[in-house]
Amino acid sequence: MKRKMIIDTDCGSDDAVALLMACVDPDIEILGITTVHGNVPLELATKNTLQTLEVCGRTDIPVYPGAERAMVREPVHATNVHGQDGMGDLGLIHPVKKAEEKNAVDFLLETIRKYPNEIELVTLGPLTNIGKCIEKDRETMCLLKEITAMATCGLGPGNTTPVSEFNVYADAEACKLLIGLDVKKRFAGFDMCVGPAAWSDQDIAEIGVEGTLGGWAVAINDALIKYNLGYGLHRLDLPDAVAMACVLWPDTLLEEKEYTAYCCVDEEATYGQVILYRKDMVLAIDKEYPPYNCTVVTKFDGKRYIEHCREMLKAKAYC
């Protein structure tokens, strides 16, 4: 029996690679994809998602637009990293497929009720849609089988502020709601994508064969590659693809540990910081830790992940 999955995405160039991974996996039944503001505004995130489905021949998967802005704050975007269209600004985004009229929140709640304790939810962007679902019907959201979120810095530094990762920073209030939800949840942090899991110049050249999914994946990440080169970094780091690999490819997930997570929302300097506690941490004062409420990916096999990407992205692109 296929695993049932819903993916929530702010589809920019790294999200698109993660979507490709799930869409071509024969063991996954994607019930729908929901879109959210983040890397780009909602309309572009939706178009990018639709185009990605056309590229890999999966126009059977419905797409449901969601939140245009965060629950409390003004929206922030990462077009300086991914391009103004979120996909490299190469004129590759021209979807024919249309999004569904139903709102993402309604789709999520209705589908979870239909398949209680069966659905794996993978979130690749800000958690606004999920926060709105929790506000509307917390009981139903507790019927998810598991949530894997590309969110938090993990155990490393932030990529948006010194202490905050982009997806959390874009809507920390929503992340706080997720952390408080009584459901099995895993955080795959930004720290997992910047070491051995980052594609090297050689990986980029060998994967990016014209006419293949790999060729398209490399092309849409052109802006990100150039952004990294501006900092002297010869790499393509794809945090959303790493998070998806943790779900799809068990041999890449080497270790995850239980933590108590706490999301900061009050002070500007720490907005979006997710503090992680473990009972084996040594403290100078006698303190009783609260119960663990999540797992965090702490070791990832970047070499094996890239090998899987090479094999998976050899397939012909449909565009």
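Rules used in this analysis
- Residues numbered from 1 in each chain as written.
- Predicted model: local features only at pLDDT ≥ 70, side-chain atom pairs only at ≥ 80, totals over all residues.
- Heavy atoms only, no water.
- Pairing = 2+ DSSP bridges.
- Helix = DSSP H or I, 4+ residues; strand = E, 2+ residues; numbered from the N terminus.
- Buried < 20%, exposed > 50% of the residue type's maximum accessible area, 1.4 Å probe, protein only.
- Salt bridge = Lys/Arg side-chain N within 4 Å of Asp/Glu carboxyl O.
- Contact = heavy atoms within 4.5 Å.
- Disulfide = S-S within 2.5 Å.
- Phe/Tyr/Trp six-rings, centres within 6.5 Å; stacked < 30°, edge-to-face > 60°.
- Lys NZ or Arg CZ within 6 Å of the ring centre and 35° of its normal.
- Core = buried A, V, L, I, M, F, W, Y, C linked by side-chain atoms within 4.5 Å.
- Axes fitted to C-alpha atoms, helices over the stretch in contact; angles between N-to-C directions.
- Parallel < 35°, antiparallel > 145°, perpendicular 65-115°, else oblique.
- Left-handed = near helix turned anticlockwise from the far one by under 90°.
- Nonpolar A, V, L, I, M, F, W, Y, C, P; charged D, E, K, R; others polar.

A. Geometry of the pairing of strand β7 (residues 253–263). Here β7 pairs with strand β9 (residues 294–300) via six bridges, running antiparallel. If you follow Lys257 over to β9, its bridge partner there is Val296. As judged from the four bridges shared by β7 and strand β8 (residues 274–277), these two strands associate in the antiparallel manner. Across the sheet, Tyr262 pairs through a bridge with Ile275, a residue of β8.

B. Fine view of unusual backbone geometry. Phi is positive for Asn117, which is not a glycine, with a value near 65°. Mapping Asn117 onto the fold places it in the loop between α4 (104–114) and β4 (119–123). Although it is not a glycine, Thr152 adopts a positive phi angle of roughly 80°. As for its placement among the helices and strands, Thr152 is situated in the loop between β5 (146–150) and α6 (166–169). A relative accessible area of 2% means that Thr152 is categorised as buried.

C. Focus on the pattern of salt bridges. Under the defined criterion, the tally for this structure stands at 20 salt bridges. As a salt-bridge pair, Glu307 and Arg304 come within 3.5 Å of each other at their nearest N and O atoms. In this pair, Glu307 and Arg304 both sit in helix α12 (residues 302–312), three residues apart, roughly one turn of the helix. Given the relative accessible area of 39%, Glu307 is considered partly exposed. For Arg304, a relative accessible area of 34% gives the class partly exposed. With a shortest N-O distance of 3.3 Å, Lys314 and Glu311 are connected by a salt bridge. Note on accessibility: Lys314 and Glu311 belong to one class, exposed. Each of Glu146, Lys184, Arg186 and Glu256 takes part in one network of salt bridges that share partners.

D. A look at the environment of Cys142. By the secondary structure assignment, Cys142 is in the loop between α5 (128–141) and β5. Here Cys142 falls in the partly exposed class, since its relative accessible area comes to 27%. Linking Cys142 and Asn117, residues 25 residues apart in sequence, is a C-alpha distance of 8.4 Å. When neighbours within four sequence positions are excluded, Cys142 is seen to be in contact with Leu181, Asp182 and Val183.

E. Broad picture of the state of the cysteines. For the structure on display, the rule yields zero disulfides. Free cysteine Cys133: the closest other cysteine sulfur is in Cys142, separated by 12 Å. A relative accessible area of 0% means that Cys133 is categorised as buried.

F. Looking closely at the packing of aromatic side chains. Considering all chains together, one arrives at five aromatic pairs under this definition. Taking the centre distance of 4.0 Å and the plane angle of 10° together, the rings of Tyr64 and Phe107 count as stacked. Placement of Tyr64 in strand β3 (residues 63–65) and of Phe107 in helix α4 is noted, with a sequence separation of 43 residues between them. Judged on exposure class, the residue Tyr64 and its partner Phe107 are both buried. Clustering of aromatic rings is evident, with ring pairs tying together Trp249, Phe300 and Tyr305. Over the ring of Tyr259 we find Arg278, and its NZ or CZ is 5.6 Å from the ring centre. Against the face of Tyr292 rests Lys279, its NZ or CZ located 5.1 Å from the ring centre.

G. Inspection of the nonpolar core at higher detail. The biggest cluster of nonpolar side chains holds 64 residues, and the ones touching the most others in it are Met5, Ile7, Met21, Trp199, Met244, Tyr305 and Leu313. Filtering out sequence-adjacent residues up to four positions away, Trp199 remains in contact with Ile204, Ile207, Val218, His234, Arg235, Leu236, Leu238, Tyr305, Ile306, Cys309 and Leu313. Listed in part, the 39 residues of the second largest apolar core include Cys133, Phe187, Val274 and Leu276.

H. View of the packing of helix α1 (residues 13–23) against helix α11 (residues 239–248). Close contact between α1 and α11 brings their axes to 7 Å; oriented N to C, the two are set at 20°. With respect to α11, the element α1 is oriented roughly parallel. At the point where α1 passes α11, the crossing takes the right-handed sense. On α11, the residues that touch Asp14, Asp15, Val17, Ala18, Met21 and Ala22 of α1 are Pro239, Asp240, Ala241, Met244, Ala245 and Leu248. Each residue belonging to the contact of α1 with α11 can be placed in one class, and the counts come to nine nonpolar, no polar and three charged.

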